[in-house]
Structure formats: structure tokens, C-alpha cells
Amino acid sequence: GRIKELSIYLKDGLKTVPGCFVHTPEDWDKSSGNTAITMEEHSRDKVYEHLSKNWNILTRNVPEINALRISTNYFNTYSEIDRLIEALKAL
């Protein structure tokens with residue numbers, strides 16, 4: 001239940017990030033605790049580097065769709081998700 005709650009919160013937050021495309025279905029029944037995203041104006045590698053070097057935020061690469069995966073098993077508080085959203089907006 002907690003992962004579902006955080007995943008919904010994450011997806012709602014990602015809607016506020018300009019140029020962010022969420023690959024993962026919004027409907028929880030077709031989703032999981034992993035959310036894949038791409039940023040329209042930036043390569044996957046640039047986003048990964050920005051998050052890791054400037055914000056100490058780790059994500060996983062999804063090379064099949066040139067995306068990054070965000071796991072609510074790892075980001076498990078609202079404040080961690082808020083910080084991730086802030087970092088993406090700062091890109």
C-alpha cells in the first residue's frame with residue numbers, strides 16, 4: 001500500500017515538471033513501484049549526471065526506451081520525492 005501511495009504521489013509530482021514524459025501507466029493496476037521517465041530537452045545521460053552529481057540522487061537506466069527508472073522502494077518518503085521533483089525542475 002505504501003509503495004502505491006508513493007508512486008501516485010510521484011506521478012502527480014512529475015506532471016508539474018516541464019518536459020517530463022512518464023512512460024509508466026498512471027493506473028496502479030497496470031503499474032508498479034517503478035516509474036520510467038524521459039526529459040524532452042535532455043538526454044538520459046545528462047539527466048542521470050545532473051541528478052547524481054548535483055543532487056546525490058540515484059536512478060537506474062532503462063536503455064530499451066532511453067529512460068530513467070525511479071523506484072518508490074528507494075524514494076520512500078514524500079520529502080525524497082519532493083527533492084527529486086525539485087532537482088528535475090532545476091535541470
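Residues numbered from 1 in each chain as written. Predicted model: local features only at pLDDT ≥ 70, side-chain atom pairs only at ≥ 80, totals over all residues. Heavy atoms only, no water.

**Q** Outline the environment of proline 25, listing residues and values.
**A** Residue placement: proline 25 occurs in the loop between β1 (20-22) and β2 (34-39). Owing to a relative accessible area of 35%, proline 25 belongs among the partly exposed residues under this scheme. Note: C-alpha distance between proline 25 and lysine 11 (14 residues apart in sequence) is 9.5 Å. Residues within four places of proline 25 in sequence aside, it is in contact with Lys11, Lys30 and Ser31. (Helix = DSSP H or I, 4+ residues; strand = E, 2+ residues; numbered from the N terminus. Buried < 20%, exposed > 50% of the residue type's maximum accessible area, 1.4 Å probe, protein only. Contact = heavy atoms within 4.5 Å.)

**Q** Explain helix α1 (residues 2-14) to me, using residue names and the numbers behind them.
**A** Over its 13 residues, α1 extends 18 Å from the first C-alpha to the last, a length consistent with the 18 Å expected when each residue adds 1.5 Å. Among the residues making up α1, those that are buried are Leu6, Ser7, Leu10, Lys11, Gly13 and Leu14. The buried side chains of α1 occupy one side of the element, clustering within an arc of 160 degrees when seen end-on. As for α1, its buried residues are in contact with β1, β2, β4 (67-71) and α3 (78-89). (Expected span 1.5 Å × (residues − 1). Arc of directions from axis to C-beta.)

**Q** Any details on the pairing of β4? Residues and values, ideally.
**A** Of all five residues that make up β4, four are buried, and the element is covered over most of its length. Across four bridges, the pairing between β2 and β4 is antiparallel. Following the sheet pairing, asparagine 34 is matched in β4 by serine 71. Looking at chain direction, strand β3 (residues 60-62) and β4 are connected through three bridges and run antiparallel. Within β4, the residue paired with valine 62 across the bridge is alanine 67. Remark: four residues form the turn of the hairpin made by β3 and β4, two consecutive strands paired antiparallel; asparagine 66 in that turn has positive phi of roughly 55 degrees. (Pairing = 2+ DSSP bridges.)

Honestly, it's all geometry; don't read function into it.
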